[in-house]
Each structure stands twice: as structure tokens, then as C-alpha cells.
Amino acid sequence: MDLYEYQGKELFRRFGIPVSEGRLATTPAEARAAAEEIGGPVVVKAQVLTGGRGKAGGVKLAGDPGDAAQKAEGILGLDINGHVVRKLWIENASEIAKEYYLSVTFDRGAKQVLFMLTTEGGVEIEEVAATKPEALARLHVDPLEGFQPWVARRLVYGAGVEDPSEQKQIADIIGKLYRCFIESDAMLAEINPLIVTPDGEVKALDSKFTVDDSALYRHPAIAELRDTSAADPLEAFAREKGVTYVKLDGSVGILGNGAGLSMSTVDVVVVAGGRPANFCDLGGGGSAEGVVDALEVITRDPQVRAIFFNIFGGITRCDEVARGILEALDRLTIDAPIVVRLDGTNAEEGRRILAEAARPNVHVAETMLDAATQAVELAA
Ligand code: GDP
Ligand code: MN
């Protein structure tokens, strides 16, 4: 789950990482009121779950409350990488002398937490990694040893931060960011830019924060921050139904059981010359009810022209899946043809059930490739 900048900053603040004072606004009038309360120049920032807001014109300085209202007017409704701006964060404008970058994430390969710090902040970190890799200090934290103060010092020296006061402040922020990251079960905590003001004060000017979905039950306060209005409505509906679903942009709806088979199903549709409309994993159980839920989600996508069911029965029983398909056809209006490939546990019984039901829009195929080819033809 990705947090908005203002939510991430609120977490930072709780863990003692310096951030600017700010207010949320959803209208120009609220932006004006926020700027009045804060006093002095402010920065008006689009709150969307994507990066590059600055470049897209979603971050603007405003000298006074009237100006803040005007800037808010211009940013609200802006489309930034497909995200429409509905919320603004108005904060005390900072003077910037230097822009650094600090992040902590998981290095899955190393199975350790990874810190990255560079004094080349403000720009995309991928750009720094590609063009000036020597400027990027990287350091792993041994999970058994935990975080030690030397980690922060080595990072700060490694990145070439020379000013002693900055070294001290950044080392302190690194320790706090680590605690914030671990205690929130985060997967990414990124500060870009981490600024130094002309007075030498270091603070977080931005926040990118991702919390592990599987750990949200331990953090009800964070889970509540989820903004359902920002999510893709179809994916939100799938989450509600407990269906593992990712929307894609093709016309062949896909349902497999198990993530591996579902991924292969996406691939085989592409091999057959089609474009998958989604990724959908029925999971290990594959009960009739699960099949109905999944079909309900898949058929809500108006782009779906044909559906490809690819089931390999292990724990999942193919007869149960077949019954689920028939039940779904009774309960939902499904116009799209369904191509079914069943193999493994009770496959023959499953095929027999489908054959006996003789539904005009259900086609049974022998192999995965046959089924994909049929589904692609039917979707054309
Ligand atoms: P992003 O483009 O989505 O990463 O949004 P950021 O929060 O990083 O803001 C983009 C840029 O706007 C920053 O890199 C800063 O250069 C600038 N910016 C943001 N806040 C302030 C501020 O308070 N004062 C000044 N002078 N510039 C700011
Ligand atoms: Mn940024």
C-alpha cells in the first residue's frame, strides 16, 4: 500500500524526522485558508500516488494566500501520469541550499535492508545510479545485528557529506528512518529531496512510503489511510471480493489457478497472438464460490471479449471449478465465450459436467495452447 506524501510525512514526524508544517486542502478556498494559517510563503503540492509531480507542474510556490488559491486552482484536476489531482498539501515553503536523497528498502537478492544516500538528490535516483554510480552510497543492514550507529556514519561519509553539522543531522535521520521503516512494516521509505536549508537545517521535503499489504493487519491506523477513491474501481472491487486481480489492457480475460500458471496463461495468450485483459489467480482452493467471484470481477471489464479458464487441478478439483463456471453462468449475465482447459485432479469429471450442461458459450479445449488459440480467435 502506497501512502500519499502527506501521510508519509506524518509518519516521519511521529518518528522525529524533521518535516515542514502543512495542511490538506481540496479546494482553492481551503488552500487559501491553509496558507493563511501557516503564514508566509507556502508550497502547493499535488497529492497523487505517483512521482514526478514537480516536472508535471504539480508543485508550485505561492507568496501569499491569494496566490496559494490561484496555484491550487491550477493544480486541482491536473492529470499526472493518469492520476487526477483531488487533494493538495499546503506547506510552509522551505529555502533550499542543497538537495540530497535518502532511502531504505528491501534488497530481496541480499535478503537484507538496503540504505541508499547521495548528495545528488532532487532528480530521479535511477538517473544517478546510471550516470554517477560512485555518488550513490549503498549499505546493507544485517537483520541479525540490527541497525547500528556506525551504519549511519558510514553512509554519511560514503556519500561524501562534508559538513559536520549535516553529518550529525543526517545520521540522526537515518536512525529514525530505519525505526520508522521497520516499525511500520514498510517496503520502501524514500526522501527525495532531503534538503539542507541556507541555515544548515536538514529536513524531509518529500516522502514516498510503501507499507507491506500483508502486514497491514498489524497497523490498523495505517490501513485506514487507504484511499479507495484513488484505486482502479475494478481492482478495488476485486479486493472487496478477495480475488487476486490485476487489470491489463487486452481483450482476453484470464483465470488460472496459482500465480505461476496464471502468469504462464498470460504468456500463452500473447504467444497465440492475443492480448490479456487481466491477470487473475483463483488460488489454491478453487471453490465454486471463488470461481463465481472471479468471473464477476473479470466480466465487469467492458474490454473482455473472451475468457480463458486455465486450471491445473492439484488441491483444486476440476469438477468443482466446472460447477463454479455453471453456477456463475446461472447467476451472472455472461455474454463473452468461455474457453476452458482442465487438467489434473478430476479433470475428466469436470469436462463431463461441462459437456452435459452443453452451454452454447462454453468451449472445452484439450491443451493450454489450443485453448489460448481458441480464446484469441473468439476475442477477435
Ligand atoms: P516530486 O516531483 O513528485 O518528487 O515532488 P517533490 O516533493 O520532490 O517536489 C519537487 C521539487 O519541488 C523538489 O525537488 C523541490 O525542488 C521543489 N520544492 C518542493 N517543496 C519546496 C519548497 O518548500 N521550497 C522550494 N524552494 N522548492 C520546493
Ligand atoms: Mn520528490
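Only a predicted model underlies this, so the values are computations on that prediction, with no experimental measurement involved.

About the cut-offs
Residues numbered from 1 in each chain as written. Chains lettered and ligands numbered in written order. Predicted model: local features only at pLDDT ≥ 70, side-chain atom pairs only at ≥ 80, totals over all residues. Heavy atoms only, no water. Near = heavy atom within 4 Å. Polar contact = N/O pair within 3.5 Å; in protein donor to acceptor, adjacent residues only side chain to side chain. Areas by Shrake-Rupley, 256 points an atom, 1.4 Å probe, with all protein chains shown as cover. Helix = DSSP H or I, 4+ residues; strand = E, 2+ residues; numbered from the N terminus. Nonpolar A, V, L, I, M, F, W, Y, C, P; charged D, E, K, R; others polar. Donors = N, O, S within 2.8 Å, 3.2 Å for Na, K, Ca; no water. Buried < 20%, exposed > 50% of the residue type's maximum accessible area, 1.4 Å probe, protein only. Arc of directions from axis to C-beta. Contact = heavy atoms within 4.5 Å. Core = buried A, V, L, I, M, F, W, Y, C linked by side-chain atoms within 4.5 Å. Expected span 1.5 Å × (residues − 1).

A.B. asks: What is the right way to look at the site of ligand 1 in this model?
C.D. replies: Among the 16 residues in the neighbourhood of ligand 1, the closest are listed as Lys45, Arg53, Gly54, Ser94 and Glu99. Backbone polar atom of Gly52 to an oxygen atom of ligand 1: 3.4 Å apart, as the coordinates give it. Across the complex, the protein chains shield 79% of the 560 Å² of accessible surface that ligand 1 would expose by itself. Elements supplying a minimum of two residues to the shell around ligand 1: β3 (42-46), β4 (59-62) and β11 (186-196). Split by residue class, the shell around ligand 1 holds seven nonpolar, five polar and four charged.

A.B. asks: Honestly, the coordination of the manganese ion (ligand 2) in this entry has me stumped. Any pointers?
C.D. replies: Within the protein, the manganese ion (ligand 2) binds to Asn192 (O) and Asp206 (OD); these donor distances fall in the range 2.2 Å. Here Asn192, found in strand β11, pairs with Asp206, found in the loop between β12 (202-204) and β13 (208-211); they are 14 residues apart in sequence, far enough to count as distant. The class for Asn192 is buried, based on a relative accessible area of 14%. Residue classification places Asp206 among the buried positions, given a relative accessible area of 17%.

A.B. asks: How do you make sense of unusual backbone geometry when you look at a structure like this?
C.D. replies: It is generally the case that most residues other than glycine have a negative phi and that most peptide bonds are trans. With an omega of 10°, the peptide bond running from Asn192 to Pro193 counts as cis. Mapped onto the fold, Pro193 is located in strand β11. Of note in the backbone geometry, Lys111 takes a positive phi value of approximately 55° without being a glycine. As for its placement among the helices and strands, Lys111 is situated in the loop between β8 (98-107) and β9 (112-118). A residue is classified by how much of its surface remains accessible, and Lys111, at 69% relative accessible area, is exposed.

A.B. asks: I tried to follow helix α5 (residues 149-158) on my own but got confused; where do I start?
C.D. replies: Note on helix geometry: an α-helix contains 3.6 residues per turn, so any two residues three or four positions apart are oriented the same way. Within the sequence span of α5, burial applies to Val151, Ala152, Leu155 and Val156. Take α5 and look down its axis: the buried residues cluster within an arc of 125°, on one side only. Within α5, the exposed residues directed more than 90 degrees away from the buried face are Pro149, Arg154 and Tyr157. Buried positions along α5 lie against β9, β10 (137-141) and α6 (164-183). The first or second residue beyond α5 is Gly160, which carries a positive phi of 80°.

A.B. asks: What am I meant to see in the nonpolar core here?
C.D. replies: Ranked by size, the top nonpolar core spans 41 residues in total, and within it Phe12, Leu102, Phe115, Ile170, Ile174, Ile191 and Phe209 carry the most contacts. In terms of residue count, α6 provides more of this core than any other element does, eight residues in total. Other than its neighbours up to four places away in sequence, Phe209 contacts Met1, Asp2, Leu3, Gly8, Leu11, Phe12, Cys180, Ser184, Ala186, Leu188 and Ala189. Counting 36 residues, the second largest nonpolar core, distinct from the first, contains Leu234, Ile311, Leu326 and Leu332.

A.B. asks: Would you mind showing me how to read helix α11 (residues 318-331) here?
C.D. replies: Taking 1.5 Å of rise per residue, 14 residues should cover 20 Å, and α11 covers 20 Å from first to last C-alpha, within 8% of that figure. Listed as buried for α11 are Cys318, Asp319, Val321, Ala322, Gly324, Ile325, Leu326, Ala328 and Leu329. On its buried side, α11 packs onto α10 (288-299), β17 (306-313), β18 (338-344), α12 (347-357) and β19 (362-365).

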